[in-house]
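Descriptive analysis of the structure
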Amino acid sequence: MTETDARDATTQEESPLLVTKDGPVVILTLNRPDRRNAINRAMRKALKKELWRADGDDDVRVVVITGAGTSFSSGVDLPEALSGPPPRTEGVTPTQVLRGITKPVIAAVNGPCYTGGYELAVNCSFIIASDRAEFADTHAQIGLLNGWGGSAMLPRMVGLPAAIQFILSGEPINGDVAARIGLANEVVEHDELMARTLEIAGKIANGHPGAVQRMLRLLKEGAGTSLAHALGLEAEASATHRSDGADIGARFSKRRSEKS
C-alpha cells in the first residue's frame, strides 16, 4: 500500500484527510485523532473533493473510509459549527456526494462512530465494524436534527422500530449489536479490520467495472420501492446493458480455475 502525495500543499500528517491507495482501492482516513476525528470544514471539503476525484478515476474501483487513531468519528466539530457559518452554507454535504457517486464505498468503523460520524457511515455502501466500534446518534438528545440523511437511511437498514430506539434514545450500541440489527454487515477483531475490509474491496474491484457500477446503481434505485418497480428497473437495466461475450467467457473461466 502506497501513500499519495499531499493535497493542497499540506503534508499528509497535517491534512484532515489522509489519502492512500491499495491497487484499485482508495482509502480515505479521517485524520484529526486528537479531536476524535471530529468533522470540521476542512475535512468536509477534503472528503467531497476526494470522493469526486475517486469517482472520476477509472483506475479506482472501490473507496474505503476509516478513522485515524482510536475513533472513526465523534461527528461534526460542534464548537466550530456553533462559532461560524453552519455547514449548510457549504453547498452539497459529504453524504450527498456519497449517495451520488458511482463507486462502492465501504465504511471501516474502527472505534466510536457518533452522530455526524454515524450519518457518514450509514451513507456508505455498507459498514464493516471493528469489535471496538460503538455507534450512537445524539442529535435528538442535544436538540439537533439529522441533516446528513441519518433518519432516512437507518430505517431502511435496520427497520423502523430499531431506528426509532437508536435515534431517539442516543444510547450507544457496540459492533455485535450493530451487526445483529443490520447496521453493520460484519464485526471483526480490531486488528483484522483493514485486512478484512481490503479483502472485500479487492473482490469487488476484481468484478467487471461496468457491471459493478450498474448493479450498485440498480440496488440503490430499487431499495425502498415496490417490488414491481424494482423488477422494472432490473428489466430495463438488463435490456440496455452492453456486454462483451469474450470478456464474460474469460472472466467465467478464470473464476472456475480459481475455485478448482
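Coordinates for the structure precede this section.
Read on for an overview of the structure.

Thresholds applied
Residues numbered from 1 in each chain as written. Predicted model: local features only at pLDDT ≥ 70, side-chain atom pairs only at ≥ 80, totals over all residues. Heavy atoms only, no water. Helix = DSSP H or I, 4+ residues; strand = E, 2+ residues; numbered from the N terminus. Buried < 20%, exposed > 50% of the residue type's maximum accessible area, 1.4 Å probe, protein only. Contact = heavy atoms within 4.5 Å. Areas by Shrake-Rupley, 256 points an atom, 1.4 Å probe, with all protein chains shown as cover. Pairing = 2+ DSSP bridges. Right-handed = clockwise from strand over helix to strand, strands pointing away. Core = buried A, V, L, I, M, F, W, Y, C linked by side-chain atoms within 4.5 Å. Disulfide = S-S within 2.5 Å. Patch = residues over 30% accessible without salt bridge, like charges linked within 9 Å, V, L, I, M, F, W, Y side chains within 5 Å. Salt bridge = Lys/Arg side-chain N within 4 Å of Asp/Glu carboxyl O. Lys, Arg positive; Asp, Glu negative; His and termini not counted. Charge placed at Lys NZ, Arg CZ, Asp CG, Glu CD.

Regarding its fold elements, the protein presents 12 helices and 10 strands. When the 260 residues of the protein are sorted by exposure, 42% land in the buried category. For the protein, restricting intrachain contacts to residue pairs at least 6 apart in sequence, the fraction spanning at least 24 positions comes to 69%. As presented, the protein carries roughly 13600 Å² of accessible surface, and 54% of it is formed by carbon and sulfur atoms.

Counting through the fold element by element, Gly224 comes out in the loop between α10 (209-222) and α11 (227-240). Considering only alpha carbons, one finds Gly224 and Arg156, 68 residues apart in sequence, at a separation of 7.1 Å.

So, about the sheet that holds strand β6 (residues 112-114). Reading across from one edge, β6-β8-β9 is the order of the 3 strands in this open sheet, with mixed pairing throughout. The sheet terminates laterally at β6 and β9 (173-174), the two strands that pair on one side only. In this structure, β6 lies alongside strand β8 (residues 134-136), joined through 3 bridges in parallel fashion. Residue Cys113 lies in a different strand from β8, and its bridge partner there is Phe135.

A few words on the pairing of strand β4 (residues 62-67). For β4, the tally of buried residues reaches 6 of 6 residues, placing the bulk of the element in the interior. Taking every second residue as pointing to the same face, both faces of β4 are buried, with Val62, Val64 and Thr66 on one and Val63, Ile65 and Gly67 on the other. Two strands pair when backbone bridges link them, and strand β3 (residues 25-30) and β4 are joined in this way by 6 bridges, in the parallel orientation. Paired with Val26 across the two strands is Val63, which belongs to β4. As a crossover connection, the stretch from β3 through helix α1 (residues 41-55) into β4 is right-handed.

Along the polypeptide, Ile65 turns up in strand β4. In this structure the C-alpha to C-alpha distance between Ile65 and Ile27, which are 38 residues apart in sequence, comes to 5.9 Å. Once residues within four sequence positions are removed from consideration, Ile65 is found in contact with Leu28, Leu30, Leu47, Phe72, Leu98, Val105, Ile106, Ala107, Ala108, Leu120 and Cys124.

All right, on to the nonpolar core then. By size, the foremost hydrophobic cluster in this structure holds 41 residues, and its most contacted members are Leu28, Ile65, Val109, Ile127, Phe135, Leu154 and Leu183. If you tally residues by element for this core, the top one is α1, at 5 residues. Setting aside anything within four residues of it in sequence, one finds Leu154 in contact with Tyr118, Val122, Gly159, Ala163, Phe166, Ile167 and Leu183.

On to the state of the cysteines, then. On inspection of all chains with the given rule, the structure shows 0 disulfides. As a non-bridged cysteine, Cys113 has Cys124 as the owner of its nearest cysteine sulfur, 9.0 Å distant.

Together, Asp131, Asp176, Glu189, Asp191 and Glu192 line one region of the surface with negative charge. Summarising the element assignment, Glu189 is placed in the loop between β10 (186-188) and α9 (193-205).

Attention now goes to the pairing of strand β5 (residues 105-109). Burial of β5 is extensive: 5 of the 5 residues sit out of reach of the surface. Both faces of β5 are covered, namely the face carrying Val105, Ala107 and Val109 and the face carrying Ile106 and Ala108. Sheet analysis places β4 next to β5, joined by 3 bridges and oriented parallel. For Val63, the partnering residue across the bridge sits in β5 and is Val105. Examined bridge by bridge, β5 and strand β7 (residues 126-130) share 4 bridges and lie parallel to one another. Within β7, the residue paired with Val109 across the bridge is Ala129.

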